[in-house]
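# Chain and residue survey
Each chain, written out:
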Amino acid sequence: MRLRNIPGAKDAILECDWVIDEPEKFKGEWASVFGEKRPLFLEVGMGKGRFLMDMARLYPEINFIGIEKYSSVLLRAVQKLEEEELPNVRLIRMDAEDLENVFAQGELDRIYLNFSDPWPKDRHAKRRLTSTRFLERYNNILTPEGRVMFKTDNKDLFDFSLEQVEEAGWILENHTYDLHHSEYNEGNVMTEYEEKFSAKGNPICRLVAYRHAK
């Protein structure tokens with residue numbers, strides 16, 4: 001269960017130099033935030049930040065942004081960054097619904113969706129981060145060569161996502177229903193959820209998709 005109500009979390013987040021307040025001001029200008037134009041990778045729903053920070057250490061030549069909706073969850077990542085400063089990481093407290101207000105067309109090179117909320121009820125399908133509704137948002141902020149990489153242990157959500165990729169007219173580069181026992185596991189960086197689920201014997205599903213170049 002996610003923690004959502006830690007007193008003072010919002011204020012603590014805003015005091016951190018690595019958290020971007022009013023990110024709309026940097027739409028189309030994210031290179032200026034990092035001081036150097038590099039590939040820009042985004043994790044949507046970054047949670048406590050472990051995956052994002054592991055990636056930032058492995059790939060210092062890439063700039064990473066993590067967004068998280070809940071202050072009390074994002075606070076955990078802030079605390080980690082205060083212990084180990086990573087110059088190629090920035091964090092934003094925001095909802096994924098607002099992505100197009102924060103990133104310009106073609107500004108992102110990759111989007112990671114790791115163990116997103118499955119929203120299991122049919123009436124909530126549009127809220128799923130791999131729905132055609134969200135794929136259209138990603139389409140508007142990714143470069144033509146940009147990729148969406150999605151991991152989950154929820155097979156129903158994964159099947160839904162495969163259908164949505166096709167319906168949206170995207171190209172499925174590869175996919176697997178058992179990442180850790182597939183050829184695609186090389187170089188895989190695990191999230192905290194991934195470790196927990198795989199330790200229970202749950203196979204991890206993953207897909208990589210991209211849009212048609214305009």
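A brief structural summary. (Residues numbered from 1 in each chain as written. Predicted model: local features only at pLDDT ≥ 70, side-chain atom pairs only at ≥ 80, totals over all residues. Heavy atoms only, no water.)

## Let's talk about the overall build of the protein
Rules: Labels follow the DSSP assignment, with helices taken as runs of H or I lasting at least four residues and strands as runs of E lasting at least two, numbered in each case from the N terminus. Based on C-alpha atoms, the radius of gyration is set beside the globule rule, defined as 2.2 Å times the residue count to the power 0.38. Residues count as neighbours in contact if any of their non-hydrogen atoms are within 4.5 Å of one another. Here the accessible surface of atoms and residues is derived via Shrake-Rupley with a 1.4 Å probe, and residues count as covered only by protein chains that are part of the display. Note on charges: Lys and Arg go in the positive column, Asp and Glu in the negative column, and His and the chain ends are not counted at all. Note that the charge is assigned to NZ on lysines, CZ on arginines, CG on aspartates and CD on glutamates.
Helices and strands together make up the secondary structure of the protein, namely eight helices and seven strands. Computed over the C-alpha atoms, the radius of gyration of the protein is 17 Å, within 12% of the 17 Å expected from 2.2 N^0.38 for a compact globule of 214 residues. With the principal axes as the frame, the protein shows a C-alpha extent of 40 × 40 × 35 Å. Taking the intrachain contacts of the protein between residues at least 6 apart in sequence as the baseline, contacts between residues at least 24 apart amount to 76%. Counting only carbon and sulfur atoms, one obtains 46% of the accessible surface of the protein, whose full area is about 11,100 Å². Side-chain charges in the protein split into 31 positive and 39 negative, and the spacing between the mean points of these groups amounts to 4 Å.

## A word on the packing of aromatic side chains
What counts here: Classification of ring pairs rests on two measures: the distance between centres of Phe, Tyr or Trp rings, Trp counted by its six-membered ring, which must be within 6.5 Å, and the angle between planes, read as stacked under 30 degrees, edge-to-face over 60 and tilted in between. To sort residues, take the accessible area from a 1.4 Å probe on protein chains only and compare it with the maximum for the residue type: under 20% means buried, over 50% means exposed, and anything in between is partly exposed. Only when the NZ of Lys or the CZ of Arg is both within 6 Å of the ring centre and within 35 degrees of the ring normal is a charge said to sit over the ring.
Counting across every chain of the model gives ten aromatic pairs. Between Phe41 and Phe64, the aromatic rings sit 5.6 Å apart at their centres with planes inclined by 85°, giving edge-to-face as the arrangement. With a gap of 23 residues between them, Phe41 in strand E1 (residues 40–44) and Phe64 in strand E2 (residues 63–68) connect regions that are remote in the sequence. Judged on exposure class, the residue Phe41 and its partner Phe64 are both buried. Here the aromatic rings of Phe134 and Tyr138 are separated by 6.2 Å at their centres, their planes lie at 35°, and the arrangement is tilted. Taken together, the residues Phe134 and Tyr138, both in helix H6 (residues 132–141) and four residues apart, mark about one turn of the helix. Each member of the pair Phe134 and Tyr138 is classed as buried. In this structure, Arg127 is placed above the aromatic ring of Trp119, and the distance from its NZ or CZ to the ring centre is 4.8 Å.

## A closer look at a negative patch on the surface
For the record, the criterion: The residues that make up patches have over 30% relative accessible area and no salt bridge, and they are joined within 9 Å when like-charged or within 5 Å when they are Val, Leu, Ile, Met, Phe, Trp or Tyr. Criterion for a salt bridge: a side-chain nitrogen of Lys or Arg within 4 Å of a carboxyl oxygen of Asp or Glu.
A grouping of Asp17, Glu82, Glu83 and Glu85 is seen on the molecular surface, where their side chains present a negatively charged patch. Tracing the sequence through the fold places Glu82 in helix H4 (residues 71–83).

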